[in-house]
Amino acid sequence: MAPKKVDANAIPRFGRVGNNLKMGIVGLPNVGKSSLFNLLSESAQAAAENYPFCTIDPNETRCAVPDKRYEELCSIWKPPSKYPAYLHLVDIAGLIKGASEGEGLGNAFLSHIQAVDGIFHLVRAFDSKEVTHVNDSIDPDLDLTTITEELCKKDLTYVLQQRDLREKDVKKNPMMKLPVLFFTVMDKCQEMLENNQPLAKACDWTASEVDKINELIPGCITLKPMVYLVNCSQKSFTLGGNRYLKKIKDWVEKHGGGLVIPFSIEFEEKLYALSKSGDLDGKKALLATLNGRGSTLNRIVKCGYKQLKLMYYFTAGEKEVRCWTVVQGATAPQAAGVIHTDFEAGFIKLECCSYDDFIACNKGEKSMAGVKAAGKYRQEGKSYIVQDGDICHFLFNKAGGGKKK
């Protein structure tokens, strides 16, 4: 099999590239951010109260990425050590109108958003007298606009600061000259942000412009990938929609598009409580109200992971089955490096097969013999692009000074 190569015409991605990227949960106060965080979390329990700014410092945790392939490998090998892939999450305090000017501790909260790599934008789409709204009325369009405007204002301030710094440097040194691309990019960014248009959505950027943006203004919030999560009541989620959902989808479409996922924290909390109490009949009855749709939490986690351009390969054996997170497009040596830097520095070759080939050929055995007999076990070199779900074994010469990751 010929090694898969990177598309030379592919446009670079915005933001930092790495294996430990984070999704932040963002929205107005009292829309369900901390409740969602707690549902997804494996460890920390964030405060979830019915008043604004019950969260001040960002809470961080991780949640396992659900994958039937990983579960199947664990069931075949039955190893003592099992490590799934994880999505790292940050619960960020609620923003309000004027946050970019310091309202509601807004500058600190916006800085917390700058520190994450992708955004779950949580929107309230349910009526409730018990759960207060910061604006005293339920208007998802206004809520979406408020958050978007505050993020754009924060970015505009940052863009103008960075532009001013570089133009001042040029004035100090007559031998320096800013390239034309600097003004093209900065003018376009400034115009978009002044019109409350997120930088990642409202314009088709060229590869050179993306590189220049990553160089000049890497901290822009509106460059981050965003998933819109619509928190509905249990009743409307069960019925499959409500009067707010279409308006939200129309708003998203008019503002550059994006993934919209309706779900219900009310439903998910009840489902979690039934599972925790061991009430299997109650859980089954609650799930039956969805007509086969099931919980949405797994989809949220998977979508967040993909938005960060992450994927993973497997290592599998008697002692351990593990998912190793890498960025999409990682070469074999780069993928080896997430295990240990020695693996990358002294890389010789990769022996691997796809998950599908392993399942089709191994006949349930704890062995690669069936895969090899079918000619599906491959040897790949340095230029091979590791694929999601590859089962890998790396051969390397030990290089001094490496670090285990």
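Residues numbered from 1 in each chain as written. Predicted model: local features only at pLDDT ≥ 70, side-chain atom pairs only at ≥ 80, totals over all residues. Heavy atoms only, no water.

## Description of the overall build of the protein
Next up, step 1: Check the secondary structure of the protein and you find 15 helices and 12 strands.
Next up, step 2: Across the protein, contacts joining residues at least 24 apart in sequence account for 73% of those joining residues at least 6 apart.
Next up, step 3: Carbon and sulfur atoms form 51% of the exposed surface of the protein, whose accessible area is close to 20,000 Å². (Helix = DSSP H or I, 4+ residues; strand = E, 2+ residues; numbered from the N terminus. Contact = heavy atoms within 4.5 Å. Areas by Shrake-Rupley, 256 points an atom, 1.4 Å probe, with all protein chains shown as cover.)

## Structural notes on the pairing of strand 8 (residues 310-316)
Next up, step 1: Most of strand 8 sits inside the fold, with six of its seven residues counted as buried.
Next up, step 2: Two strands pair when backbone bridges link them, and strand 8 and strand 9 (residues 320-327) are joined in this way by seven bridges, in the antiparallel orientation. Note that in strand 9 the partner of F314 across the bridge is C323.
Next up, step 3: Taking the residues that link successive antiparallel strands as the turn, the strand 8-strand 9 hairpin has three residues. (Buried < 20%, exposed > 50% of the residue type's maximum accessible area, 1.4 Å probe, protein only. Pairing = 2+ DSSP bridges.)

## Section: the sheet that holds strand 2 (residues 59-64)
Next up, step 1: With mixed pairing, six strands are arranged side by side in an open sheet as 2-4-1-5-6-7. Since the sheet does not close on itself, it has two edges, and those belong to strand 2 and strand 7 (259-263), each with one partner. Geometrically, the sheet is characterised by an average inter-axis angle of 25° between neighbouring strands, direction not taken into account.
Next up, step 2: The pairing of strand 1 (residues 22-26) with strand 5 (residues 118-125) spans four bridges and is classified as parallel. Directly across from V26, in strand 5, lies its bridge partner H121.
Next up, step 3: Strand contacts of helix 1 (residues 33-40): strand 1, strand 2, strand 4 (86-91), strand 5, strand 6 (226-232) and strand 7, with the helix running at about 155° to strand 4, the strand carrying the most contacts.
Next up, step 4: Packed on one face of the sheet, helix 4 (residues 140-172) meets strand 1, strand 5 and strand 6 and runs near 150° to strand 5. (Axes fitted to C-alpha atoms, helices over the stretch in contact; angles between N-to-C directions.)

## Here we look at helix 5 (residues 180-194)
Next up, step 1: The terminal C-alpha atoms of helix 5 lie 21 Å apart, and with 15 residues this matches the ideal 21 Å at 1.5 Å per residue to within 8%.
Next up, step 2: Three or more residues of helix 5 are buried, namely F182, V185, M186, C189, M192 and L193. Angularly, the buried residues of helix 5 cover 135° about the axis, an arc narrow enough to put them on a single face. Pointing more than 90 degrees away from the buried face of helix 5 are the exposed residues V180 and E191.
Next up, step 3: Buried residues along helix 5 sit in contact with helix 4 and helix 6 (207-216).
Next up, step 4: Count one or two residues on from helix 5 and you reach N196, which has phi positive near 55°. (Expected span 1.5 Å × (residues − 1). Arc of directions from axis to C-beta.)

## Concerning the pairing of strand 5
Next up, step 1: Within strand 5, eight of the eight residues are buried, leaving the element largely enclosed by the surrounding structure.
Next up, step 2: Here strand 5 shows a buried face lined by G118, F120, L122 and R124 and a second buried face lined by I119, H121, V123 and A125.
Next up, step 3: Taken together, the seven bridges between strand 5 and strand 6 define a ladder with parallel strand orientation. When the sheet's bridge partners are listed, H121 is paired in strand 6 with Y228.

## Looking at the pattern of salt bridges
Next up, step 1: A complete count under the given rule lists 15 salt bridges for this structure.
Next up, step 2: Put simply, E167 and R163 hold a salt bridge, and the shortest N to O gap is 3.0 Å. Of this pair, E167 and R163 are both found in helix 4, four residues apart, which corresponds to roughly one turn of the helix.
Next up, step 3: Across the salt bridge formed by K168 and D164, the nearest N and O atoms sit 3.2 Å from each other. Residue K168 and its partner D164 are both found in helix 4; the two are separated by four residues, about one turn of the helix.
Next up, step 4: Using a relative accessible area of 45% as the deciding quantity, one classes K168 as partly exposed. (Salt bridge = Lys/Arg side-chain N within 4 Å of Asp/Glu carboxyl O.)

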